[in-house]
Amino acid sequence: MAPQQNYHMSPEEFRHWGYQVIDWITNYWENVEKLPVMSQVEPGGIKGKLQETAPQKGESFEAILKDLNEIILPGLTHWQSPNFFAFFPTGTSAPSVLGELISAGLGVQGMLWATSPACTELETHVLDWLVDMLELPKQFLSSGTGGGVIQDSASSASLVALLAAREQAKADISKLVVYISTQTHSSIEKGVKIAGLRLENLRLIEVDSTYAMRTDLLQQCIEADINAGLTPCYLAATIGTTSSHAIDPIPELGEITRKYNIWLHIDAAMSGTAAICPEFRWIHQGLELADSYCFNPHKWMMTNFDCTCFYVRDRAKLTQALSIVPDYLKNQATESGKVIDYRDWQIPLGRRFRSLKLWFVIRYYGIEGLQNYVRKHIALAQEFAEWVKSHSSFELVVNPPLNLVCFRHKGSARVNEVILNSLNSSGQLYLTSTQLNQKLTLRMSIGQATTERIHVEQAWKLICQAAESVEITL
Ligand SMILES: *Cc1c(COP(=O)(O)O)cnc(C)c1O
């Protein structure tokens with residue numbers, strides 16, 4: 001049989017299409033502001049336009065890009081629009097995307113130190129940098145007993161911490177108790193399910209008027225559990241809850257967890273980044289009492305998904321919970337005990353070279369650039385909050401500590417719902433809502449790379465207009 005023709009994209013073609021793709025991304029960034037922020041397609045609207053079956057013969061790259069423009073683009077919600085104020089920001093920046101591209105180009109698997117020493121050592125080093133940059137407690141530095149690792153998400157970080165806590169407790173799994181507040185992110189409950197703990201042993205502690213966990217109720221709950229023969233195991237506290245940005249009282253929680261030998265995990269997914277600025281480091285007060293901590297550069301530090309920085313006080317507890325060494329992974333470097341094998345710090349074996357993009361971002365912007373970024377967003381959010389306060393139809397639901405403003409129209413839930421839906425269906429901005437104190441609350445999350453004062457001003461104008469027309473029609 002004749003040898004098959006080479007079916008790869010040639011280096012010349014890659015160069016050509018690679019430049020085209022960079023142009024495509026650049027055009028996208030230049031035009032994203034003009035696109036409707038929230039995708040307006042109906043369920044199935046995209047799938048119905050895709051080729052019924054996979055192509056038998058390879059197609060031209062041109063044809064693929066054409067469908068990208070015609071089918072995929074209209075089905076996107078534009079997270080990078082400066083008018084995107086929903087959920088939480090998407091971290092992205094040009095240096096990050098370039099780092100990601102190189103990571104893909106290298107195709108490195110960083111499961112063991114030996115499978116690419118630079119992949120492991122850069123990650124350890126950049127995570128040590130961040131301990132200094134955010135002034136995190138020294139216990140998280142790799143030079144001591146702790147250390148940091150990049151996880152795909154805060155959900156994974158909290159789960160991995162729970163697995164270490166489960167191991168540390170050395171008790172019957174059906175007796176282990178996990179503590180969160182009523183405001184804690186749903187990922188912890190999911191983690192409890194995955195880790196095989198009983199959902200009946202998950203305690204949702206009530207919160208105070210700032211939506212922070214009540215320590216008196218926590219203490220009572222722990223005592224009751226111990227009296228019932230259960231074993232308190234893990235407490236997930238939050239710095240910046242998803243619904244309202246509440247900050248749990250870490251110093252007091254730390255004292256309680258120390259007293260009862262409970263693993264204290266701190267989830268600062270969005271807000272942790274604020275500590276790059278000395279004036280916002282108060283959010284981390286008490287962090288030295290934590291066993292583990294995570295924050296997401298993929299939310300508010302210009303690094304594209306996925307990038308969660310996860311730190312532990314005692315890395316041995318993590319590796320004891322997760323390490324398994326089959327014959328085919330044995331190697332001299334591991335056996336020397338001188339290296340970190342990050343596969344023992346996470347659930348999957350394989351891992352991407354994620355630190356590259358984070359390193360690019362930190363080097364390109366510097367600490368100062370990142371500080372300016374955070375300061376700008378927080379100042380805009382604080383200004384927005386003042387506008388809400390001085391408007392007769394609106395009220396703040398809580399005082400915003402950082403860049404998330406929770407507010408509502410003083411009318412009914414229905415009024416707020418109509419305002420929200422009319423704004424989002426206009427495509428001019430995108431906001432989401434939550435329930436606080438059983439009231440529908442609008443969330444204005446300010447943190448996109450390109451959001452400037454003019455976008456926040458315009459959003460406020462549109463919100464006020466939507467309110468006026470609702471007041472007339474309802
Ligand atoms: C966004 C968020 C999460 C979930 O983050 P993932 O990285 O998507 O898992 C968890 N906790 C808090 C407080 C968050 O803001």
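The paragraphs below set out a description of the structure included in this document. (Residues numbered from 1 in each chain as written. Predicted model: local features only at pLDDT ≥ 70, side-chain atom pairs only at ≥ 80, totals over all residues. Heavy atoms only, no water.)

What follows deals with a nonpolar patch on the surface. Side chains of Ile22, Leu98 and Leu101 sit close together on the surface and give an oily, nonpolar patch of about 240 Å² of accessible area. In this structure, Leu98 sits in helix α3 (residues 94-106). For Leu98, a relative accessible area of 42% puts it in the partly exposed group. (Patch = residues over 30% accessible without salt bridge, like charges linked within 9 Å, V, L, I, M, F, W, Y side chains within 5 Å. Areas by Shrake-Rupley, 256 points an atom, 1.4 Å probe, with all protein chains shown as cover. Salt bridge = Lys/Arg side-chain N within 4 Å of Asp/Glu carboxyl O. Helix = DSSP H or I, 4+ residues; strand = E, 2+ residues; numbered from the N terminus. Buried < 20%, exposed > 50% of the residue type's maximum accessible area, 1.4 Å probe, protein only.)

The next thing to look at is the pattern of salt bridges. Oppositely charged side chains can form a pair if their charged atoms are brought close together. Inspection of every chain in the model, using the stated rule, returns 21 salt bridges. Lys66 serves as the salt-bridge partner of Glu70, at 3.5 Å between the closest nitrogen and oxygen. Here Glu70 and its partner Lys66 are both found in helix α2 (residues 61-72), 4 residues apart, which amounts to about one turn of the helix. Two residues, Asp306 and Arg352, come together in a salt bridge whose shortest N-O distance is 2.6 Å. Here Asp306 is found in the loop between α9 (297-300) and β7 (308-312), whereas its partner Arg352 is found in the loop between α11 (332-336) and α12 (355-389), with 46 residues between them in sequence. Judged by its relative accessible area of 10%, Asp306 is buried. The network of salt bridges with common partners includes Glu100, Asp306, Arg352, Arg354 and Lys357.

The subject of this paragraph is the packing of α3 against α12. Running from amino to carboxyl end, α3 crosses α12 at an angle of 150 degrees, the nearest separation of the two axes being 8 Å. Relative to α12, the crossing made by α3 is right-handed. Contacts between α3 and α12 involve Pro95, Ser96, Leu98, Gly99, Glu100, Ile102, Ser103 and Leu106 on the former and, on the latter, Leu356, Lys357, Phe360, Val361, Tyr364 and Tyr365. Partitioning the contact of α3 with α12 into residue classes produces 9 nonpolar, 3 polar and 2 charged. (Axes fitted to C-alpha atoms, helices over the stretch in contact; angles between N-to-C directions. Left-handed = near helix turned anticlockwise from the far one by under 90°. Contact = heavy atoms within 4.5 Å. Nonpolar A, V, L, I, M, F, W, Y, C, P; charged D, E, K, R; others polar.)

By the definition in use, this model includes 20 aromatic pairs. Seen in terms of ring centroids, Phe87 and Tyr430 are 6.0 Å apart; in terms of plane orientation they differ by 85 degrees. Their pairing is edge-to-face. Of the two residues, Phe87 is situated in the loop between α2 and α3 and Tyr430 in the loop between α13 (413-426) and β10 (432-436); the sequence distance between them amounts to 343 residues. Ring geometry for Phe384 against Phe407: centres 5.3 Å apart, planes inclined by 75 degrees, an arrangement best described as edge-to-face. Of the two residues, Phe384 sits in helix α12 while Phe407 sits in strand β9 (residues 404-409), which places them 23 residues apart along the sequence. No difference in accessibility class separates Phe384 from Phe407, as the two residues are buried. Through successive ring pairs, a cluster of aromatic residues spans Trp79, Phe84, Phe87, Phe88 and Tyr430. The ring of Phe88 is capped by Lys299, whose NZ or CZ atom sits 4.2 Å from the centre of that ring. (Phe/Tyr/Trp six-rings, centres within 6.5 Å; stacked < 30°, edge-to-face > 60°. Lys NZ or Arg CZ within 6 Å of the ring centre and 35° of its normal.)

With that settled, consider the sheet that holds β9. As summarised here, the arrangement of the 4 strands in space is β8-β9-β11-β10, forming an open sheet in which the pairing is antiparallel. Each edge of the open sheet carries a strand with a single partner, namely β8 (394-396) and β10. Recorded for the sheet is a direction-independent mean angle of 40 degrees between the axes of neighbouring strands. Of the strand pairs in this sheet, β9 and strand β11 (residues 439-445) are connected by 4 bridges, and their pairing is antiparallel. Following the sheet pairing, Val405 is matched in β11 by Met444. (Pairing = 2+ DSSP bridges.)

Further remarks concern helix α4 (residues 117-133). For α4, built from 17 residues, the straight-helix expectation of 24 Å at 1.5 Å per residue is met to within 8% by its first-to-last C-alpha distance of 24 Å. Turning to α4, its buried residues number three or more, namely Cys119, Thr120, Leu122, Glu123, Thr124, Val126, Leu127, Asp128, Leu130, Val131 and Met133. Those residues of α4 that are buried lie in contact with β1 (147-151), β6 (292-295), β7 and α12. Note on α4: the residue one or two positions beyond its end, Glu135, has a positive phi of about 50 degrees. (Expected span 1.5 Å × (residues − 1).)

To continue, consider the pairing of β6. Both faces of β6 are covered, namely the face carrying Ser292 and Cys294 and the face carrying Tyr293 and Phe295. Sheet topology note: the strand β5 (residues 263-267)/β6 ladder contains 3 bridges and is parallel. Across the sheet, Asp267 pairs through a bridge with Cys294, a residue of β6. Note: β6 against β7, 4 bridges, orientation antiparallel. Following the sheet pairing, Phe295 is matched in β7 by Cys309.

Turning our eyes to something else, we now look at the site of the ligand. The ligand sits among 13 residues. The nearest are Ala154, Ser155, Asp267, Asn296 and Lys299. A distance of 2.5 Å separates an oxygen atom of the ligand from a polar side-chain atom of Ser155. Within the contact set of the ligand, an oxygen atom lies 3.0 Å away from a side-chain nitrogen or oxygen of Asn296. Of all the secondary-structure elements, those providing two or more residues to the shell around the ligand are α5 (154-169) and α9. Split into classes, the residues belonging to the shell around the ligand amount to 3 nonpolar, 8 polar and 2 charged. (Near = heavy atom within 4 Å. Polar contact = N/O pair within 3.5 Å; in protein donor to acceptor, adjacent residues only side chain to side chain.)

What follows is about the environment of Glu30. By the element assignment, Glu30 lies in helix α1 (residues 11-31). Along the chain, Glu30 and Glu70 lie 40 residues apart, while their C-alpha atoms are 18 Å from each other.

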